Amino acid sequence: MITFKNVRKTFADGTEAIKGIDLHIEEGKLVALIGPSGCGKTTTMKMINKLIHPSSGTISINGKNIAERKDVDLRRDIGYVIQRIGLFPHMTIEENVALIPKLKGMKKHEYTKRVDELLDLVGLEPPVFKKKYPLELSGGQQQRVGVVRALAGEAPIILMDEPFSALDPISREQLQDELKELQSAIRKTIVFVTHDMDEALKVADEIVVMKDGMIEQIAHPDELIRHPANEFVRSFIGEERIQSALHSFSPKEIQVTSILNQPAEDSTDLPVIESTADLKAAAKAMILNNAEALQVMQEGIMIGVIYKDRLLSELAGLERGA
Ligand SMILES: Nc1ncnc2c1ncn2[C@@H]1O[C@H](COP(=O)(O)OP(=O)(O)OP(=O)(O)O)[C@@H](O)[C@H]1O
Ligand SMILES: [Mg+2]
């Protein structure tokens, strides 16, 4: 859906904010950009709705280079929650949330209903909050309205720049859950910037770790924790999280390839298991075949062997950790 090809951004003052990134974001996915302050997250995001223009490289949405699209048209397809809220101060909460649906030509009775539903969803009772102005709300409440306003637009793509950063931990977790639920229900494509690794691990389908204008790793949360690409990613995730996450995996989620050994000469005589099978399936296969080892196959080719003692100690370790 959104594709970056060798995108660079050097600002007028010479700051090289983005130093050549390639990124593909699939439709309906929630992708989190994470990395230290100043690594280029906001710049990356703002290039998607053309608030910032790349110095070189291309960004396309559904195969079409966004440089060739009118800003106004493009932004109609892209909801945006900015780092510092950005509600219109002279409009009530209701007017703020209804803005995009109205612009899109939604009828009054339709958007009124939608505004109520959305406010309810983030715990802002419509009768209390609808007629208030942004400055009459707390920072966290304003942020909720910002999130809701982006969702109200029914744009297929939503950019969220640290949308929950001003919230207390409890509201924050609640909104993370709600976002996750909403996203699986409405299948929007969401690009989500955060500083918070726990938040990224919780909400994202894919995590993009950035450092100094470059991408260090793109991976599914499980994959990121289990196989950090380098020391930077590892330290950014934090050893404690890596350990506790490893131990919270159930044997069902761990593939046999995680305990793969080199094959021996007589390995081809062993009972077979597919490389995509998990540890539980492997244990079952060993019991059924009364085998001490299995050969692991991938697309019809043996890629290695797994041994019973290693499997048992792995399973015991998982149980201890759980
Ligand atoms: N308009 C600008 N002109 C010059 N440099 C800029 C401009 N905007 C951003 N930068 C620089 O580009 C780099 C990336 O900034 P960006 O805002 O993308 O970082 P970020 O990852 O979003 O950081 P944070 O987590 O603090 O929000 C920084 O070094 C920043 O100072
Ligand atoms: Mg930023």
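Remember, predicted model here, so these are calculated numbers, not experimental data.

> I would appreciate a short explanation of the overall build of the protein in the present structure.
For the protein, the count of helices and strands is 13 helices and 13 strands. Considering only C-alpha atoms, the protein reaches an extent of 75 × 45 × 35 Å along its principal axes. Out of the 322 residues belonging to the protein, those deemed buried represent 46%. For the protein, long-range pairs separated by at least 24 residues make up 62% of all intrachain contacts whose partners lie at least 6 apart in sequence. Total accessible area on the protein stands at roughly 16300 Å², and carbon and sulfur atoms take up 50% of it. Put simply, the protein has 40 plus and 48 minus side-chain charges, and the middle of one group is 8 Å from the middle of the other.

> I tried to follow the sheet that holds strand β10 (residues 214-219) on my own but got confused; where do I start?
By way of backbone hydrogen bonds, the strands of a sheet pair with one another, either parallel or antiparallel. Sheet architecture is open: six strands sit in the order β6-β7-β8-β3-β9-β10, paired in mixed fashion. Across the chains shown, the open sheet's two edge strands, defined by having one partner strand only, are β6 (78-81) and β10. Mean inter-strand twist for the sheet, computed between neighbouring axes without regard to direction, equals 15 degrees. Where helix α6 (residues 139-152) meets the sheet, its contacts fall on β6 and β7 (157-161), and the angle it forms with β6 comes to roughly 180 degrees.

> Sorry if this is basic, but what is going on with empty space enclosed by the protein here?
To find leftover empty space, one rolls a probe the size of a water molecule over the atoms. Applying the stated criterion across every chain yields a total of one cavity of 30 Å³ or more. The volume enclosed by the largest cavity comes to roughly 30 Å³. Tallied by class, the residues present in the lining of the largest cavity amount to seven nonpolar, no polar and one charged.

> So what exactly am I meant to see when it comes to the sheet that holds strand β12 (residues 293-298) here?
The strand order β11-β12-β13 describes an open sheet built from three strands, whose pairing is mixed. Across the chains shown, the open sheet's two edge strands, defined by having one partner strand only, are β11 (272-274) and β13 (301-307). Neighbouring strand axes in the sheet, compared pairwise and without regard to direction, differ in orientation by 35 degrees on average. For β12 and β13, the ladder comprises six bridges, and the chain directions are antiparallel.

> Just to check I follow, could you spell out the layout of surface pockets for this structure?
In this structure, the largest pocket encloses a volume near 480 Å³. When grouped by side-chain class, the residues that make up the lining of the largest pocket number 11 nonpolar, four polar and four charged.

> Is there a simple way to explain unusual backbone geometry in this structure?
A negative phi holds for most residues other than glycine; trans holds for most peptide bonds. A positive phi angle, near 65 degrees, is found at Lys50, a position not held by glycine. Residue position: Lys50 is located in the loop between α1 (41-48) and β4 (56-61). The backbone of Asn290 shows a phi angle near 50 degrees, a positive value even though the residue is not glycine. Within the secondary structure, Asn290 is located in the loop between α12 (279-289) and β12.

> Which parts of the structure should I look at to understand the pattern of salt bridges?
When the charged atoms of two side chains lie near each other, side chains of opposite charge can form a pair. Tallied over the full model, the rule gives 17 salt bridges. It is possible to trace a salt-bridge network through shared partners that takes in Glu94, Asp116, Lys130 and Lys131.

> Looking at this structure, I do not really get the side chain of Ser267. What am I missing?
Structurally, Ser267 can be placed in the loop between α11 (239-248) and β11. Given the relative accessible area of 2%, Ser267 is considered buried. When near neighbours in sequence (up to four residues on either side) are disregarded, Ser267 contacts Gln295, Met302 and Val305.

> In this structure, what is going on with the site of ligand 1? I would like to understand it.
Among the 15 residues in the neighbourhood of ligand 1, the closest are listed as Ser37, Gly38, Lys41, Thr42 and Thr43. Within the side chain of Thr43, a nitrogen or oxygen atom sits 2.5 Å from an oxygen atom of ligand 1. The separation between an oxygen atom of ligand 1 and a polar side-chain atom of His195 is 3.1 Å. For ligand 1, whose accessible area on its own is 640 Å², the fraction buried by protein is 64%. It is α1 that contributes the most residues to the shell around ligand 1, three residues altogether. Looking at the shell around ligand 1, its residues break down into four nonpolar, eight polar and three charged.

Basis of the calculations
Sequence order as written defines residue numbering, which begins from 1 separately in each chain. The lettering of chains begins at A and the numbering of ligands begins at 1, in the order of writing. Owing to the predicted nature of the model, reporting of local features is limited to residues with pLDDT of at least 70; listing and counting of side-chain atom pairs is limited to 80 or more, with chain, interface and lining totals taken over all residues. To obtain the side-chain values, all non-hydrogen atoms of the structure were used and water was disregarded. The numbering of helices and of strands both runs from the N terminus, where a helix is a DSSP run of H or I of at least 4 residues and a strand a run of E of at least 2. A simple rule labels every residue: compare its accessible area, found with a 1.4 Å probe on the protein chains alone, to the largest value its type can have, and call it buried under 20%, exposed over 50%, or partly exposed in between. Here, residues are in contact when the closest pair of their heavy atoms is within 4.5 Å. What sets the accessible areas is the Shrake-Rupley method with a 1.4 Å probe; for residues, cover comes only from the shown protein chains. Here the positive residues are Lys and Arg and the negative ones are Asp and Glu; neither His nor the chain ends is included. Note that the charge is assigned to NZ on lysines, CZ on arginines, CG on aspartates and CD on glutamates. Strands were regarded as paired on the criterion that DSSP finds at least two bridges between them. Helix axes use the C-alpha atoms of the stretch in contact, all axes being lines fitted to C-alpha atoms, and the angles between their N-to-C directions lie in the range 0 to 180 degrees. Only protein atoms enter the 1 Å grid, on which a cavity is a set of points fitting a 1.4 Å probe that cannot get out and a pocket is an open set with protein on both sides within 12 Å along at least 5 of 7 lines, lining residues being those with an atom within 4 Å of a point. Grid points are joined across faces, edges and corners, and a volume is the space filled by probe spheres set on the points. Here the nonpolar group is Ala, Val, Leu, Ile, Met, Phe, Trp, Tyr, Cys and Pro; Asp, Glu, Lys and Arg are the charged ones; every other residue, Gly included, is treated as polar. Definition used for salt bridges: Asp or Glu carboxyl oxygen within 4 Å of a side-chain nitrogen of Lys or Arg. Any residue with a heavy atom lying within 4 Å of a molecule or strand is counted as near it. Distance and chemistry together define a polar contact, namely a pair of N or O atoms within 3.5 Å, with one atom able to donate a hydrogen and the other to accept it when in protein, and with adjacent residues in sequence counting only for side-chain atoms on both sides.

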